[in-house]
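# Descriptive analysis of the structure
One-letter residues, chain by chain:
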Amino acid sequence: MSILDAGQFVPVATGGLGHPGSTLAHSMVWFRDALYLGASAPAARGPEDLGRIHRLDPATGAWDEVFAAPVQALDEDAQARAVWLGGGGILRQRQPAEAMGRAFGICAMTVFQGASDAAHCLYAGTMSLWGGQVLRSEDGISFAPVMAPGNGDDSVMSIRGLTAFGGRLFALPSGTITAEGLDRERAPQAIVLVSDDPAGGVWTEACLPGFGDPANRGVVSLCAAQGHLYAGTSSPARGFQLWRTKAEGAAPYVWERVLTDGAFRYTHNLSTAAMAEFGGDLFIGTRIPGFGYDADSDVGPAACEMIRQRPDGRWDLIFGEPRFTPDGLKVPLSAMGPGLGDPYNSAIWSMAVQDGALYIGTQSWEPNDIAMNGGGAPLRGGFQLWASTDGEAWVPVLVDGNGSVTSTGVRALLASPVGLFLGTVNHSRLLQTQALLHGGGADLAEVSAGFDVWLA
Amino acid sequence: MPDPLFIIAPPRSFTSVIGGMIGQHPQAYGLPEVNLALGDTLGETWTALAPSLNMGTSGLLRLLAELHEGAQSEDAAIRARHWIQRRFHWPTAKVFAHIQEAVGDKVLVDKSPRSTMRIDSLRRLHRIFPAASFLHLTRHPRSTGKSTLELMKAYSGGGAQRIEFDPEQLWLRSQNHILELSRDLALGQYMRIKGEMLLADPMLYLPQVCDWLGLSSDAASIEAMLHPETSAFASVGPPSAPFGNDPNFLNSPALDMARLARITEPSLQGDVDWRPGEAFSKPVLRLARQFGYG
C-alpha cells in the first residue's frame, strides 16, 4: 500500500487526441482489457465538436476512436439551443452552426450486464442538444442508443452517473437545454432512472422527484457502497442531501435520507460531487458550480469539503469548516479547511481507489481568477490530485495542473490493471478569452487545447 | 492566562442569554457588554459610547464595580466611572489585562454586539488577542428585526417610529463585518451557530461548545451553564448603570426550558414585517440561507 508520486505520471493522451474542442476527458471505464475514454466538448461550436469514445490499447499505447457522434443538421430550434453552449448573451449574434453532433459529450460510462445482455456490455451516457441518451455496445466498437432522447423529454441535456447496483443500471438525467436557455446543472426533474434491461429501452423512475423534497433541484451523484445505492442531490436553498436505498422490490424504491442541509454547512455545500467507497466507508466530495460561485442561486464563493459516511450512519468531516451539528462537533480530521486548505478548490470532481489508496481530483478556479482579476499577471494554479491510505491523512500528488495551468480539473480518475488513469479538463479557450478581456493572455498564446490523459 | 472568547453577533441575537450561559461555565467568566472594542484607548471607547447613554456604558461600570468592590451599588458604580475617567489614556489591551488579572485564570467571555457595527472594532479584538476564539451567533433576520424594533419602541417612547431605520440593514451590515473578520481567522478559531438551534437543545450544543473551547464538558459544568441567572450581571443594575445586557434578560434571566424547546425559525419567504409589500433583500436572503435559515 503506497501512494504514487508525481514522477510516475506519464502522458498517454494530449490535446484532446487531435480535437481541440474536446476539453473534457469526461468519463473512463475498463472494458475488454482496454481503457475507454468518453470525451466531451461542452462548448461545442460546430460539427467538429463531437461526443467521442476513444479506446487505448495498453499493450501498444495506441488509441482508436471507436465512436464519434453522427453529425446532423440543426433546425431553428436546435440552432437556438446550440447558441447557449457557447455562453448565450452576445454570442447569440454569432452565425449559428448548420450542423452539429448528435451528442457533444460522453459524460458517463460503465460496464453492466442487463437481463437480455449475453455478456457484459459497455454503456455510455451522452450530452446532446436533442436530449441525452444511453448508448450500448457489446463489442466496444459498435454503439447504439438504448434510451429515447432524454427518456422522453428532449430538454434533458445529459444522462450521467451510470451506476450498476443489484442487477440494475441506474442513471441520472442532468441539465436542461431549450431554445430559451441552458442550465448545465439541473434536469427538468430531480430523479434517478433505473432499468434491469437497458437493452430493451425501458427506464423507470427509481425515486420520487427530489425524493419528495422540492428543495432538491437535482440528483447529481450516484455510488454503490455498503450494500446500498447512495444518491447525492443539488439543493441551492438548503445544501445537499444524501439518500440511500437497497433497491428492493419494484421502483420507485424506499429511500432513506442519510445527510441533509449540506451536512449542516448549508448552502456552501450546495451539491455533492464525486463519491467513492474506501475502507468500508463512503467518501463524499462536495461542490459549488461555476468558479466556486453559483450565479443562478447566488451561493458562494466557497471551497469544497469531503465527508466520510460510515455504515452505521455516523459521519466525519475529512476537510472543511469545523462546525456544531445535531450529530456532534465536527472538526476536519485531516486538519485542513475547505478545499484542502486551498480556497480555489471548488469541487472534488473525481475519486478512485488504487492499490489501497484513495485518490481525489479537484477543480480549481485559481487560473480563472487571475485571468479576470490579476491585472494581466501570468496565470498560476490548476488542478490538484491528493491521496490518502487511511482517509484522514492526505498528501498532494499533483499540483498546478501537473505543469499545465489551463488544466483546471481532474474530471475522471480510473483505477485499472495497468495503473491509475487521470483525465483532465483543459479550459485554455475560456482562459484565453478571460485573460484577453482583462489585459493579459500573453502567456497563453502557445498553450494546447483539449484534454490530457495521464497514467501512473 | 487563557485567551478570551468573543461572542460576535448583531444586536438582538440571543447574545445575553447564550453569553450568560457560556459565561457561567466554572472555567469561564461571563462579562456584561463592556464594548471595549470600540476604541484603541479607554477614552476613545467611552467617547464612542456617549450617545448610547447608560445602555452602552452600564456593562463596563457594573463589571468594574463588581471586580473592584465585589458589589454593584450606586456608589460603587460612581467610583467605577471615576476610575474610568482617570484612565482614558489606557490602551484597550491594558483594560482587558486589568480585567483578566482581577478575574484570574478564567476564560473571559465577551458579548458586545456593538463590536460588530464596525469592522475596525472586530479587527481590534483580533489584533489584541490573535489567538482568541470567536463564536458567531446567528438569529433569523425576521425575528432579529422584530425584536430590534420592539426594544426600540419600548425604550424610546415610540420615538423609533419616526426614525428611518431598517433593522434588516443593521443585520446585514453586522453579518458582513463578522464574515469579513472570519476570513482572517485560523481554522477552528471561528465557529458559527444558529442561536435558535443552541437554545432549543442546550444539552446537545453546550458540550460541543465546551469541547471546541477546550473547557470541561462534565455534567457539573453543563449544569452550571444552564443557570445564567446566577451571573452577577443577570439582574438590573444600580440607577446609573442599570443595563449591561438585554433588558428582557435582566428582568427574566432564568432559562424556561419548555419555552426554549418550542423555539422555531420563521420563514424567509413573504413580506418583511416592518416593510409590508416587500421581501427580504437578495443579500440578506443569501446570507440567511448560508447560515441555514429557510
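Rules behind the numbers
Residues numbered from 1 in each chain as written. Chains lettered and ligands numbered in written order. Predicted model: local features only at pLDDT ≥ 70, side-chain atom pairs only at ≥ 80, totals over all residues. Heavy atoms only, no water. Buried < 20%, exposed > 50% of the residue type's maximum accessible area, 1.4 Å probe, protein only. Helix = DSSP H or I, 4+ residues; strand = E, 2+ residues; numbered from the N terminus. Pairing = 2+ DSSP bridges. Core = buried A, V, L, I, M, F, W, Y, C linked by side-chain atoms within 4.5 Å. Contact = heavy atoms within 4.5 Å. Axes fitted to C-alpha atoms, helices over the stretch in contact; angles between N-to-C directions. Parallel < 35°, antiparallel > 145°, perpendicular 65-115°, else oblique. Nonpolar A, V, L, I, M, F, W, Y, C, P; charged D, E, K, R; others polar.

Looking at an unreviewed UniProt entry, chain B carries the name Sulfotransferase, with the source organism given as Frigidibacter albus.

Further remarks concern the pairing of strand β2 (residues 24-31) of chain A. All names here are of chain A. Summarising burial for β2: seven of the eight residues are buried, a large majority. Bridging between β2 and strand β3 (residues 34-40) involves seven bridges; their strand directions are antiparallel. Bridge pairing in β3 places leucine 24 opposite serine 40.

A few words on the nonpolar core. Among the nonpolar cores identified, the biggest contains 51 residues, and Leu242(A), Leu5(B), Ile18(B), Met21(B), Ile22(B) and Leu135(B) are the most heavily contacted of them. Sorting elements by how many residues they give to this core places helix α10 (residues 202-213) of chain B first, with six residues. Contacts of Leu5(B), omitting those with residues within four sequence positions, involve Ile22(B), Val107(B), Leu108(B), Val109(B), Asp110(B), Ser133(B), Phe134(B), Leu135(B), Trp212(B) and Leu213(B). Core analysis: the next-biggest nonpolar cluster, separate from the first, contains 49 residues, Leu36(B), Val103(B), Leu179(B) and Leu285(B) among them.

With that out of the way, let us pick up the pairing of strand β13 (residues 168-178) of chain A. Residues and elements named next belong to chain A. Of all 11 residues making up β13, 10 are buried, and the element is well covered by its neighbours. In this structure, the hairpin formed by strand β12 (residues 156-165) and β13 is closed by a connection of two residues, where glycine 166 is found at a positive phi of approximately 60°. When β13 meets strand β15 (residues 193-195), the two strands line up antiparallel, connected through three bridges. Each residue of the ladder has a partner; that of alanine 171, found in β15, is leucine 193. As judged from the three bridges shared by β13 and strand β14 (residues 181-183), these two strands associate in the antiparallel manner. The residue of β14 that forms the bridge with threonine 178 is glycine 181.

All right, on to the packing of helix α3 (residues 54-69) of chain B against helix α4 (residues 74-85) of chain B then. Residues and elements named next belong to chain B. Contact geometry for α3 and α4: axes closest at 8 Å, N-to-C directions at 105°. In terms of their interaxial angle, α3 and α4 are classed as roughly perpendicular. Contacts between α3 and α4 involve Leu60, Leu61, Leu64, Ala65, His68 and Glu69 on the former and, on the latter, Ala76, Ala77, Arg79, Ala80, Arg81, Trp83 and Ile84. Each residue belonging to the contact of α3 with α4 can be placed in one class, and the counts come to nine nonpolar, one polar and three charged.

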